[in-house]
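Now for the letters of each chain:
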Amino acid sequence: MQTPAPSPPKRPYVMGIETSCDETAVAIVSADRQILAHVLISQIDEHADFGGVVPEIAARSHVDILPLLTEQALEEAGLGPKDLDAIAATTGPGLMGGLMVGMVFAKSFALAANKPFIAVNHLEGHALTARLTGEAEFPFLLLLVSGGHCQLLDVAGVGKYTRLSSTIDDAVGEAFDKTAKLLGLDYPGGPAVEAAAVNGRENRFQLPRPLLGKPGLDFSFSGLKTAVRRVAEDCVAKRGALHADDVADICAGFQQAVGDCLIDRTEQALKAFMIRHDSERPTLVVAGGVAANRYLTARLRALAAEHNAALEAPPMALCTDNGAMIAWAGLERLIINPAIDDQAAQARPRWPLDETAAALYGSGKKGAKA
Ligand code: KG4
Ligand code: ZN
């Protein structure tokens, strides 16, 4: 008996292009949540000597690599430009040079293929990833933790975001990156701190938990960063240098303190969310680069279990910046509005998800991966 040929992925097919920071990424997704192509080049090595992302280098690199990556993505999916239903690209927030490169390239590609162009908010890409990789139905509570942001949001639908809180100083990924730099670890700091923390003792040093237990849902990490600096300087003063066990212990203590702060705020927000939506089985989504941290997601999973909530955490490769999240957000927008075409859109270095919320202080002033 002949086995029936597998049915093709469900239309529409949307290509997504991400260039807002130091990853050049292109992906193609289908309506039935298949990732038909996923290619990405990180510029980490090009920026490593500078300890952070250099905007000019990032933009030039995107220019060099984007045409080739786009060709690779089409080849991987076995599609031609005419087979696509739309081309999406990140148009903000992020570094202006990179945003311009991705947007102009995607707009031109869309015009040449006679397809609509969709302007995607990078944060919306993170926010909706859990609907590409999991079952996150609206409404859900979103903890968005990345290099440039740390926010809690009530997500009622595509484009329907209410910001509940934000950081009053550093973003959480930024705190990881600065801690890593201070301890002589690699950039980006998140994975390096997580790896070093595995062998560390969480309780050797007393580190603060800013705003823990305080009213409100805002976050703060700059005091923790300052405390890490003080503790590291003490180690050097006592032992002549920072030893591997010092680094491990500081990283473990830092990560635990970050975890305590995230859990405290998320728990308050979750309780309020359950009342607001009269929900006994709420969905908690964690998204953004810091959601790749296994220690933190394990703690969030435990918190969710305690409150009968479902935790949706995308796989690690889709937590950090990628093209699939942009393609998926574009696809969700295309389904809602089949006549969409954002050829007139402009790049926006700052673009809050909740446009009605008060302007951000602290990390809101900076671009992606501040
Ligand atoms: O979402 P993302 O790729 O870029 C932005 O939109 O900002 O997030 C990057 C951030 C960096 O600060 C990086 O250090 C952090 O995510 N990060 C992590 C981990 N992997 C990446 N932070 C903690 N633990 C990790 N495993
Ligand atoms: Zn991001």
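Residues numbered from 1 in each chain as written. Chains lettered and ligands numbered in written order. Predicted model: local features only at pLDDT ≥ 70, side-chain atom pairs only at ≥ 80, totals over all residues. Heavy atoms only, no water.

Draft legend 1. A look at helix α5 (residues 172-182). Burial within α5 is extensive, with eight of its eleven residues counted as buried. Restricting attention to buried positions, one finds in α5 the residues Val-172, Gly-173, Glu-174, Ala-175, Phe-176, Asp-177, Thr-179 and Ala-180. Where α5 ends, the next residue or the one after it, Gly-184, has phi of about 80°, a positive value. (Buried < 20%, exposed > 50% of the residue type's maximum accessible area, 1.4 Å probe, protein only. Helix = DSSP H or I, 4+ residues; strand = E, 2+ residues; numbered from the N terminus.)

Draft legend 2. Region of the structure containing the sheet that holds strand β7 (residues 150-157). Strand order in the open sheet formed by five strands is β8-β7-β6-β9-β10, and the pairing between neighbours is mixed. Each having just a single partner strand, β8 (160-165) and β10 (310-312) make up the two edges of the open sheet. With direction set aside, neighbouring strand axes in the sheet form an average angle of 25°. Where strand β6 (residues 140-145) lies against β7, six bridges are found, and the strand directions are antiparallel. Looking at β7, one finds that Leu-141 is bridged to Asp-154. Across the sheet, helix α8 (residues 244-276) is in contact with β6, β7, β8 and β9 (283-287); its angle to β6 comes to roughly 160°. (Pairing = 2+ DSSP bridges. Axes fitted to C-alpha atoms, helices over the stretch in contact; angles between N-to-C directions. Contact = heavy atoms within 4.5 Å.)

Draft legend 3. Here's a closer look at the coordination of the zinc ion (ligand 2). With distances of 2.0 to 2.1 Å, the protein atoms coordinating the zinc ion (ligand 2) are His-122 (NE2), His-126 (NE2) and Asp-321 (OD). Each donor residue of the zinc ion (ligand 2) belongs to the same chain, and together they define the spacing H-x3-H-x194-D. Of this pair, His-122 and His-126 both sit in helix α4 (residues 122-133), four residues apart, roughly one helical turn. A single burial state applies to His-122 and to His-126, both of which are buried. (Donors = N, O, S within 2.8 Å, 3.2 Å for Na, K, Ca; no water.)

Draft legend 4. Local environment of the sheet that holds strand β4 (residues 86-92). Strand order in the open sheet formed by five strands is β3-β2-β1-β4-β5, and the pairing between neighbours is mixed. With one partner strand each, in any of the chains shown, β3 (35-42) and β5 (117-121) form the two edges of the open sheet. Neighbour to neighbour, the strand axes of the sheet diverge by 20° on average, direction disregarded. Docked against the sheet, α4 engages β1 (13-18), β2 (23-30), β3, β4 and β5, running at close to 95° with respect to β5.

Draft legend 5. Spatial organisation of the layout of surface pockets. Put simply, the largest pocket is a space of about 600 Å³. Around the largest pocket sit 31 residues that line it, and Pro-188, Pro-191, Gly-289, Val-290 and Thr-320 are the ones nearest its centre. Listing elements by their share of the lining of the largest pocket, those giving two or more residues are α4, α5 and α6 (189-197). Looking at the lining of the largest pocket residue by residue, the classes come out as twelve nonpolar, twelve polar and seven charged. (1 Å grid on protein atoms, 1.4 Å probe; cavity = no way out; pocket = protein on both sides within 12 Å on 5 of 7 lines; lining within 4 Å. Points joined across faces, edges and corners; volume = space filled by probe spheres on them. Nonpolar A, V, L, I, M, F, W, Y, C, P; charged D, E, K, R; others polar.)

Draft legend 6. Focus on the pairing of β5. Among the five residues of β5, five are classified as buried, and the element is accordingly described as predominantly covered. Side chains of β5 alternate between two faces, with Phe-117, Ala-119 and Asn-121 and Ile-118 and Val-120 buried alike. Pairing between β4 and β5: five bridges, direction parallel. Across the sheet, the residue bridging to Ile-87 is Phe-117, located in β5. Read as a crossover between parallel neighbours, the route from β4 over helix α3 (residues 96-113) to β5 is right-handed. (Right-handed = clockwise from strand over helix to strand, strands pointing away.)

Draft legend 7. Layout of the side chain of Glu-124. Positionally, Glu-124 belongs in helix α4. On the basis of relative accessibility, which here comes to 2%, the residue Glu-124 falls in the buried class. Within the local environment of Glu-124, its side chain forms a polar contact with the side chain of Arg-333, the two groups lying 2.7 Å apart. Once you skip the residues sitting within four places of it in the chain, Glu-124 turns out to touch Val-158, Gly-159, Tyr-161, Ala-329, Arg-333 and Leu-353. (Polar contact = N/O pair within 3.5 Å; in protein donor to acceptor, adjacent residues only side chain to side chain.)

Draft legend 8. Geometry of the pattern of salt bridges. Enumeration according to the criterion identifies 19 salt bridges in this entry. Ionic pairing is found between Lys-178 and Glu-174, a salt bridge with its closest N-O pair at 3.0 Å. Placement of the pair is Lys-178 and Glu-174 together in helix α5, with a separation of four residues, close to one helical turn. In this structure Glu-174 comes out as buried when scored by relative accessible area, which is 2%. (Salt bridge = Lys/Arg side-chain N within 4 Å of Asp/Glu carboxyl O.)

Draft legend 9. Here's a closer look at the nonpolar core. Ranked by internal contacts, the top residues of the largest apolar core, which has 50 residues, are Val-145, Val-172, Phe-176, Phe-221, Phe-254, Val-258 and Leu-262. Put simply, the parts of the chain that give this core at least two residues each are β6, β7, α5, α6, α7 (222-239), α8, β9 and α9 (294-306). Considering each element in turn, this core owes the most residues, 14 residues, to α8. Among all residues touching Phe-221, those that are not within four sequence positions of it are Cys-150, Thr-167, Asp-169, Asp-170, Ala-171, Val-172, Ala-175, Val-258, Cys-261 and Leu-262. By size, the runner-up hydrophobic cluster in this structure holds 34 residues, among which are Trp-328, Ala-329, Ile-340 and Leu-353. (Core = buried A, V, L, I, M, F, W, Y, C linked by side-chain atoms within 4.5 Å.)

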